[in-house]
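Each chain, written out:
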Amino acid sequence: MNDEDLALLISRVGLKDRDAFSRLYRASSPKLFGVCLRMLKDRAEAEEALQEVYVKIWARADGFVPAATSAAGWLQAIARNQAIDRLRARKPVADVLDEAYDLPDSTADPEACAVAAGERRRIDACLDELAPDRADAVRRAYIEGASYQELADHFAVPLNTMRTWLRRSLLTLRECLER
Amino acid sequence: MTDKNSDEPGAEGAEGGNVRRDELVAGEYVLGILSLDDRRKVEARMATDRRFAATVRRWQTNLSGLDDAYQPVTPPRHLRRKIERRAFGAPRPASARPSLWNSLVFWRGFAFASLAVAAVLGGMAALSGQAARPLLAPTLSAEMTVTGTGVDLIAAYHAASGRLLVRPVAARNEGAKSLELWLVEGGHAPRSLGVLPETGEGGLVVPADLRRSLSAGAILAVSIEPPGGSPTGKATGPIIAQGPVARMP
């Protein structure tokens, strides 16, 4: 099913169309179950997470904006977020949004509105610009839901070093993706 | 507290610190690396700060290329029934107040000349003043194409409640767009009533200072704008629909 068809189905689900919900489930659940399994690495928990994911999809489909994100990306973000929430609840990690990080009003940044469409495939090329271990850390964080501590352990570096790795990597990626 | 982030990685860059920090927080959020509390803070901010939400969405799109790593696995059969029971059994959210999109004034006002809405208008007499009701599966639906614009509207009609819901689907052409609703009244330049699809069920809440102006004789118009709405406060894209507002009989 292409992304446009998927977008149309989600829009219909936003109108509380149960039949569309069933079709959306058939079309998307293997991928989203794959996300839950890969991140949670526990079948029972992945099944529980998948239920939560689709209950959220049903509740939130009316907020789906086809223009803003791809349909597949929107669905996968819901699945990843659900799995990450479960991972973080299972094994809490340190808060980092302290006062210095704390959420002030954003200053005007016209680039924040820049459309990301078309940039999507460039992530692989941009990851290649990072040192291999840092690109690997980014992938492990995103795909497996690894925490800073788990990454620090895996790469045998101090926690703060890992934070700096990932944050610098994010800035490099952003710069690369905007070129 | 003011200087606490001067040792933040990359803080020496040319950009403002807030923008830089927003980028990092949004990126860390999408990466999934934040704690549960921090994730809730980010989500609360997204709900109130549209620009920040757009930054998160951009990271989501940018990193979504990595989703290819997830191998599809068919879930066990019994899950679907459980999910449907949980989803459909839930009480309807409180957001079901009647919105502009469901209002007859709105539909009368619009001259969607090329839209095949006549077929569903008959069901709308029952709409006036309805409060939230449980929604059953729609009994009728329509996909409407606004000629020459790449914009589609989809409609679903729920016979049991008489509710007709309509949402724009502005994604047919390549490139992202939003649909923005404008109020033209009393010789003023068009004033934005908001971006259409982002508030659920195609509805939006008219800003308090514009409510007096939204009266019979005013004109409503819809334009195609960049995602999130016109960056200038004036309509920048083509006007795809417009029409006068009339009082309901």
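Here the structure is shown first, and the text comes after it.
Remember, predicted model here, so these are calculated numbers, not experimental data. (Residues numbered from 1 in each chain as written. Chains lettered and ligands numbered in written order. Predicted model: local features only at pLDDT ≥ 70, side-chain atom pairs only at ≥ 80, totals over all residues. Heavy atoms only, no water.)

Novice: Would you mind showing me how to read the state of the cysteines here?
Specialist: Cysteine pairs can be covalently joined through their sulfur atoms, and such a bond is termed a disulfide. Residues and elements named next belong to chain A. Counted according to the given criterion, the structure contains one disulfide over all chains. At a sulfur-sulfur separation of 1.9 Å, the disulfide partner of cysteine 126 is cysteine 176. Where cysteine 126 bonds to cysteine 176 through sulfur, the torsion about that S-S bond is close to -80°, and the disulfide is left-handed. Placement of the pair is cysteine 126 in helix H5 (residues 122-127) and cysteine 176 in helix H8 (residues 159-178), with a sequence separation of 50 residues. Summarising the burial analysis for this pair, cysteine 126 and cysteine 176 share the class buried. (Disulfide = S-S within 2.5 Å. Helix = DSSP H or I, 4+ residues; strand = E, 2+ residues; numbered from the N terminus. Buried < 20%, exposed > 50% of the residue type's maximum accessible area, 1.4 Å probe, protein only.)

Novice: For this particular structure, what's the right way to read the pattern of salt bridges?
Specialist: Working definition: two side chains of opposite charge can pair if their charged atoms are close together. Residues and elements named next belong to chain A. For the structure shown, the criterion picks out 22 salt bridges over all chains. One salt bridge connects arginine 86 with glutamate 45, and the closest N-O pair in it is separated by 3.3 Å. Note that arginine 86 is positioned in helix H4 (residues 71-90) and glutamate 45 in helix H3 (residues 43-60), a separation of 41 residues in sequence. Between glutamate 52 and arginine 86 there is a salt bridge, and its shortest N-O distance comes to 2.7 Å. With glutamate 52 in helix H3 and arginine 86 in helix H4, the pair connects residues that are 34 residues apart, well separated along the chain. For arginine 86, a relative accessible area of 19% puts it in the buried group. One salt-bridge network, in which partners are shared between bridges, spans Glu45, Glu52, Arg86 and Arg90. (Salt bridge = Lys/Arg side-chain N within 4 Å of Asp/Glu carboxyl O.)

Novice: Would you explain the packing of helix H2 (residues 36-48) of chain B against helix H3 (residues 50-63) of chain B in this entry?
Specialist: Packed helix pairs are specified by the crossing angle of their axes together with the interaxial distance, meaning the distance between the axes. Residues and elements named next belong to chain B. The interhelical angle for the contact between H2 and H3, taken along N-to-C directions, is 120°, at an axis separation of 6 Å. With respect to their mutual orientation, H2 and H3 come out oblique. Of the two elements, H2 crosses H3, and the hand of that crossing is left-handed. Counted together, Val42, Arg45, Met46 and Thr48 of H2 and Arg50, Phe52, Ala53 and Val56 of H3 form the full contact between these two elements. Residues that form the contact of H2 with H3 fall into these classes: five nonpolar, one polar and two charged. (Axes fitted to C-alpha atoms, helices over the stretch in contact; angles between N-to-C directions. Parallel < 35°, antiparallel > 145°, perpendicular 65-115°, else oblique. Left-handed = near helix turned anticlockwise from the far one by under 90°. Contact = heavy atoms within 4.5 Å. Nonpolar A, V, L, I, M, F, W, Y, C, P; charged D, E, K, R; others polar.)

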